[in-house]
Amino acid sequence: MKHFLTILSHELRMLLVNASTYVAAVLFLALMGFIFSGVLDNYSKAAQETSPATVFFQLFWIPVLFMVPLLTMKCISEERRLGTLETLLTAPVSTTEVVLGKYAASYLLYLFLWASTGGFFFILHRFAQDPRLLDFGPMMGGYLFVAISGLFYVAVGLFASSLSRNQAVAGILAFSILFTLIIGLNYAAGLEMMNRESMQPVHALLEYVRTFRHLDDFSQGIVDTRQVLFYLSGSVLMLIFSILGIEVKLLHS
Amino acid sequence: MPDDSPAIEVRDLVKTYAGVTAVNKVGFTVARGEILGFLGPNGAGKSTTMRILTGYLPATSGMVNVCGLSVATHGDEVKKFIGYMPENNPLPDDMRVSEYLHYRGRLKGLARAKLSIRLDEVLELCDLKRVRHRIIGKLSKGFRQRVGIAEAILAEPPIIIMDEPTIGLDPHQILIVRDLIAGLRGRMTVIISSHILPEIEMTCDRVLIINQGRVVAQGTPADLRREVFGHSSYALEISGDLEAALPEVLAKVEPTLAISETGVPDATGFRKLTLATSREDDLGEALLRALSADPRLRLRALTRVHPTLEDVFLAATKRGWEAIDAPKPTSK
Ligand SMILES: Nc1ncnc2c1ncn2[C@@H]1O[C@H](COP(=O)(O)OP(=O)(O)O)[C@@H](O)[C@H]1O
Ligand SMILES: [Mg+2]
C-alpha cells in the first residue's frame, strides 16, 4: 500500500484539472439548488409534516444516477484506451493499489460535492426565521446516508469502468446498475404480488436491500449496522470485482 | 539480485491469445550491459514477448527469468528492474512533462529528494529542459518519444525495454533517439524492437530476428550477414569484352566467382556488374590486379559489397516462411 497515497493524490489532481469534473459539479449544484428551492417553495405555500431536509434527501437518487457515472466512468476505461494502463501496471505497483487509489479519489470528490450542498442549509438557516425549517436530525442522517451509500455507488461506477475501454459504455453500464439497485429494487418491493404469503422471504430480502428504507431509517436517526454492513460489503465486493476485472482481462487478452 | 545470472533468460516461451499462437517456443539470453535488437515484421510477436518480459502479460508456458528471478513468481521485484516503454509510447495527454515524470518517479519508489535531482539529470540527458512545463498532449512526436525514454530510464533500472522507440519519427529525430540509446551502452541492458533495420544495426550488439512467433536467426550483425548469405559479393564498373575475357579472368582469380547481376552500359560504355563468391576472405586486391592487367578490359571501380541487415532480414524471414510452409525435411 506504499503507492496508495501517490496514486490518490495524482488522481485527485487529474480530477481537479479536468473540465468534465467542473461540468459535473455545476450540473450537480444547479440541479440540487433547483430541487432545494422547489422543496422550500412547497413549504412556503403550506406547512408540511416532514422537514425540508427529509424531502430533499428523498430525491438523492437523481444526482446519484448521473453524478456517479460521470465521476467514475473515466477512471480505468480511459487508461485502458490510451494504453497508459500498461505503463501503470508495469511500474512496481499492484492492481489493488491502483484500484483503491482511483476509488478513494472519486469518492472524496463525490463527498465534497455533496458537502457543498450544505451551503443551501446554511443559507436557509441564516435567512429563514422559522426554526422548524431547519431540522438538524434528518439533515445529519441524510448526509450520513449519502456518505455510506456513496461508498457502494462509487465502487459500482469504478467496476463498470474496469469492464470497458469506452467510457461512454462504462458510464451507461454504471447508470444501469445503479438504476436497478436504487429504483428497480424499490419498485420490485412495492409490487402487488410481494404481499402474497409465498413471496414472504423474497419480500423480506427486498425490504432489507431497499435503499429508500435505509434512507428513511437514517433520516429518523436510526443507524442499523446491518444496513451499514450491506453498503460496506457491497463496496468491498465491487472493488474486488474491479481488481479481478482488470487482471482477468489481461489473462484472457 | 544474484550477480552472475544473465540479465534476461527466456526458454521455450509460448503465448497463445484465444487460440492464436503469437509466440512459439522462443528462447534467448541477454547478457548484462548488452544492447539487443528485436527484429521482425508486424505481427511477429515482438510486443507480446516484451509484455511477457515486463510481467504485464502472463506467459502460456515457458520460463522467463529477469536478473535470475522468475517473472511468473517474483513479478513485483522484477518490475523494479525494468524500465519499459510500450508500443506507441502511451502518455497521459493532460499532464505537464515534469509532473508526469515526477509522478512516475514516485511510483517507481524514488524518494522525493533524490527524485528532483534525478529528474533534472534525465531532462538534461533527453534534452527536455525546454519543454519541462509544457502539456504532453501538445508536444511533437519527437518530444513525446523522448519523454517516454526519460520515463523508462528515470529510476536507473538495470534493464530497459523499448518497443519500437523510433517508429513514426523523422530521420533527424531517429538520430537523436539512437544516440540516446547508444548513450546507455555499458550502463544498462537494453532491448529495443523494430521492423526498421538501420538503427538496429547501428545501435545493437546483437540482433534477434523473429518471424511468426519463432526466432529465425540471431547473432551480431556481422554474424548474421555471414550466416544467412554464406558468400560475399563485389560491385564493378567495367567495359570491354565482357563475354569472353571477363569469365576467363575471373576463373583464374577464383573458380567460384560468378556474375550475378549485369547492368546496362552508360554513355561512356561502362556497365555495373555484381560478382558473387562463396569465399569469405577479401578477393578485392587479386581481382583488381587481374582485371587491370588484362588489355581487353577497362576497369573504373571495384568495391566489396556488404549485405545490409535489410537483406539479412529478408533472407531470414523468408527462411522462416519456408520452414513453416514446408514442415517436412526438404530434400535439397
Ligand atoms: N491482445 C491480443 N489479442 C489477440 N491477439 C493478439 C493480441 N495482441 C497481439 N495479438 C496477435 O499476436 C501476434 C503477435 O502480435 P505482436 O506481439 O503485437 O507483434 P509485433 O509487435 O511483432 O508486431 C499477432 O498475430 C497479433 O494479431
Ligand atoms: Mg509490436
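Refer to the preceding data block for the structure.
To start, this report covers the structure provided alongside it. (Residues numbered from 1 in each chain as written. Chains lettered and ligands numbered in written order. Predicted model: local features only at pLDDT ≥ 70, side-chain atom pairs only at ≥ 80, totals over all residues. Heavy atoms only, no water.)

**Concerning the sheet that holds strand S13 (residues 271-277) of chain B**
Residue and element names in this part refer to chain B. Cut-off, in case you're wondering: Two strands form a pair only when DSSP identifies at least two bridges running between them. Helix and strand assignments follow DSSP, with helices taken as H or I runs no shorter than four residues and strands as E runs no shorter than two, numbered in order from the N terminus. Every axis corresponds to a line fitted to the C-alpha atoms, with the helix fit spanning only the stretch in contact, and the corresponding angles, defined between N-to-C directions, vary from 0 to 180 degrees. Contact criterion: two residues are considered in contact whenever any of their non-hydrogen atoms come within 4.5 Å of each other.
Judged by pairing direction, the sheet is antiparallel, and its 4 strands sit side by side in the order S12-S13-S11-S14 without closing on themselves. This sheet does not close on itself; its edge strands, each paired only once, are strand S12 (258-262) and strand S14 (297-305). Each neighbouring strand pair of the sheet contributes to a mean axis angle of 30 degrees, computed without reference to strand direction. Here strand S11 (residues 232-240) runs beside S14; their pairing, made up of 8 bridges, is antiparallel. Residue pairing in the sheet places Ala-235 in a bridge with Thr-303 of S14. Most of the contacts of helix H9 (residues 245-253) go to S14, to which it runs at about 50 degrees, and overall it touches S11, S12, S13 and S14. Its contacts with the sheet place helix H10 (residues 284-293) against S11, S13 and S14, and it is angled at close to 175 degrees to S14.

**Section: the state of the cysteines**
Residue and element names in this part refer to chain B. Operational definition: Two cysteine sulfurs form what is called a disulfide whenever their separation falls within 2.5 Å. Here's how the labels work: a residue is buried when its accessible area is under 20% of the maximum for its type, exposed when over 50%, partly exposed in between, all with a 1.4 Å probe on protein chains only.
Scanning the entire structure with this criterion turns up 0 disulfides over all chains. Cys-126 takes part in no disulfide bond, and the closest cysteine sulfur to it belongs to Cys-204, at a distance of 18 Å. On the basis of relative accessibility, which here comes to 1%, the residue Cys-126 falls in the buried class.

**Regarding the nonpolar core**
To keep it simple, the criterion reads: By nonpolar core we mean a set of buried residues, namely Ala, Val, Leu, Ile, Met, Phe, Trp, Tyr and Cys, connected to one another through side-chain atoms within 4.5 Å.
If you look at the biggest cluster of nonpolar residues, it comprises 148 residues, and the most contacted ones within it are A:Tyr110, A:Trp114, A:Tyr153, B:Ile8, B:Phe28 and B:Ile209. Considering every element that reaches this core, the biggest residue donor is helix H9 (residues 136-163) of chain A, with 13 residues. Beyond its immediate chain neighbours, meaning those up to four positions away, A:Tyr110 contacts A:Val64, A:Val68, A:Leu71, A:Val146, A:Gly150, A:Tyr153 and A:Val154. One finds B:Val249, B:Leu250, B:Leu257 and B:Leu273 within the second-largest nonpolar core, a separate group that totals 16 residues.

**Overview of the coordination of the magnesium ion (ligand 2)**
All names here are of chain B. Counted only if it meets this: Listed donor atoms are N, O and S within 2.8 Å of the metal (Na, K and Ca: 3.2 Å). As water is not included, a site may look incomplete.
Coordination sphere of the magnesium ion (ligand 2), protein contribution only: Ser-47 (OG) and Glu-87 (OE), at 2.0 to 2.3 Å. Highlighted residues: Ser-47 in helix H1 (residues 46-53) and Glu-87 in the loop between strand S6 (82-85) and helix H3 (97-107), separated in sequence by 40 residues. Glu-87 sits in the partly exposed class, given a relative accessible area of 31%.

**Some words on the site of ligand 1**
What counts here: Nearness is judged by heavy atoms alone; a residue qualifies as near a molecule or strand once a single heavy atom is within 4 Å of it. Whenever a nitrogen or oxygen atom comes within 3.5 Å of another N or O atom, the pair is scored as a polar contact, on the condition that within protein one atom can donate a hydrogen and the other can accept it, and that pairs from neighbouring residues in sequence are kept only if both atoms are in side chains.
Around ligand 1 sit 11 residues in total, of which B:Gly43, B:Gly45, B:Lys46, B:Ser47 and B:Thr48 are the nearest. More than a single chain frames ligand 1: its nearby residues are located in chains A and B. Here B:Gly43 contributes a backbone N or O atom positioned 2.7 Å from an oxygen atom of ligand 1. Between ligand 1 and the protein, one listed contact pairs an oxygen atom with a backbone N or O atom of B:Lys46 at 2.8 Å.

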